[in-house]
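If you want the building blocks of each chain, they are given just below.
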Amino acid sequence: MATEAAQSIYVWNGTDKQGRKTTGETEGASQALVKAQLRKQGIVANRIKRKPKPLFGSRTKKIKPADIAIFTRQLATMMKAGIPLVQSFDIVSESLENPSMSELVGKIRADVAAGSNFAEAIRKHPRYFDDLYSNLIEAGEHSGALETMLDRLATYKEKSEALKSKIKKAMNYPIAVVVVAIVVTGILLIKVVPQFAETFSAFGADLPAFTLFVLYLSDLAIAHWWKALFAMVGFGFAYREAMVRSPKFRDTVDKLALRIPVIGPILHQSAYARFTRTLATTFAAGVPLVDGLDSVAGATGNVVYSTAVKQIKDDVSTGQQLAFSIRNTKLFPVMVVQMVGIGEESGSLDEMLDKCASHYEAEVDNAVDGLTALMEPIIMSVLGVLIGGLMIAMYLPIFQLGQVV
């Protein structure tokens, strides 16, 4: 870790073998090492200096799981084409759009070129490569089938990210409806309703109860909108911190999320898909079942299923069949239990698990699409009731005045 921390980016200019002027950036531990590195490439450096850091801190783009999935797929393609691993890193690093990801690949490439194996190199970056990823890469290196393992990992990461995207879409859509409704209502109460209130003050007549109620809400909104905004921001910050710092709170949220109507069933199906997909990937890679279940527990995405998988692991460790252990949790559907049982008896467990994963991923897709189609008319209805209700409340006195005249 100390070696990695000593690496810096150096900016240089010089001439190449043909005498042409060239410039670039190179990572290294010192100016002397960078100069030697450039000399090996046939470049005579005239000036080398450390790249200055941004005045207001780093604005580098964060590395997301989707970036890891793209890296894995591109590396698998390079390896399948027969390109050596170190050279594959160079090609992939240049093709990546995220500079932070390119920098990470450069660090991994340097470690591998220095003599470390691939698994050791990525284990230095646990923030981006979890135990499952590292263990599967190690299994691929030991078996001499790294390109095959990278292809399986790429498929696993792509399907996992697609599933996460669907779940986020399902969770974010209702939140977006509520936020839009609150913002629109707030704007109407603070900006529009007071204009009508000034007009009503000149009527000299009693206003309808509904109109009086809306005017009261407008007064409250004008007087306390900043308190409501502060409370919402504070709640959001407190929720985020509690999710990061309090395992007990996070576990409670996971348990409650499974009970939410419409959303809960999607989360259950997502957990089935993640469980079967991850277990299929580890088992096909030759990872022992008990060891594979350790990785599966962290990939289910919910503490309820994570605890269940740990129970399954304990049962399997004592000699029970996997299908029987899954049935004992009373969390997984009959289809998963039966498919696992058939896979164990026929010796094709990874194939059966893969079919289960594909089935439940398709179920999640259909459920999210159905939820999206359902939410669109609900959005229109909610906004229509809120905006229409406010407008009716404002025009009621005008209608009554017209009837009197």
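The structure displayed is predicted, hence computed values, not measured ones.

Caption draft 1: Region of interest: the packing of aromatic side chains. If you walk through the whole model with that rule in mind, you get 12 aromatic pairs. Ring plane angle 75° and centroid distance 5.8 Å describe the contact between Tyr-239 and Phe-249, whose orientation is recorded as edge-to-face. Residue Tyr-239 is located in helix H9 (residues 209–245), and its partner Phe-249 is located in helix H10 (residues 247–257); the two are separated by 10 residues in the primary sequence. The partly exposed category is assigned to Tyr-239, whose relative accessible area is 35%. Between the aromatic rings of Tyr-272 and Tyr-305, the centroid separation amounts to 5.9 Å while the plane-to-plane angle is 80°, which identifies the pairing as edge-to-face. Here the residue Tyr-272 occupies a position in helix H11 (residues 263–284), and Tyr-305 occupies one in helix H13 (residues 303–317), the gap between them amounting to 33 residues.

Caption draft 2: Main features of the pattern of salt bridges. Under the criterion given, the structure shown has 13 salt bridges. The salt bridge involving Arg-109 is made with Asp-90; its shortest N-O contact spans 2.9 Å. Note that Arg-109 is positioned in helix H5 (residues 99–113) and Asp-90 in helix H4 (residues 85–95), a separation of 19 residues in sequence. By relative accessible area, which is 28% here, Arg-109 ends up partly exposed. Assessed through its relative accessible area of 31%, Asp-90 is described here as partly exposed. When the shortest N-O distance is used, the salt bridge between Asp-354 and Arg-277 registers 2.4 Å. Placement of the pair is Asp-354 in helix H16 (residues 349–404) and Arg-277 in helix H11, with a sequence separation of 77 residues. If you follow the salt bridges from partner to partner, you end up with Arg-73, Lys-80, Asp-151 and Glu-158 in one network.

Caption draft 3: Fine view of the environment of Glu-198. Of note, Glu-198 is situated in helix H8 (residues 146–200). Taking relative accessible area as the criterion, Glu-198 reaches 55% and is therefore assigned exposed. For Glu-198 and Thr-307, which are 109 residues apart along the polypeptide, the C-alpha to C-alpha distance reads 61 Å.

Rules behind the numbers
Residues numbered from 1 in each chain as written. Predicted model: local features only at pLDDT ≥ 70, side-chain atom pairs only at ≥ 80, totals over all residues. Heavy atoms only, no water. Phe/Tyr/Trp six-rings, centres within 6.5 Å; stacked < 30°, edge-to-face > 60°. Helix = DSSP H or I, 4+ residues; strand = E, 2+ residues; numbered from the N terminus. Buried < 20%, exposed > 50% of the residue type's maximum accessible area, 1.4 Å probe, protein only. Salt bridge = Lys/Arg side-chain N within 4 Å of Asp/Glu carboxyl O.

What is shown is where atoms sit, not what they do.
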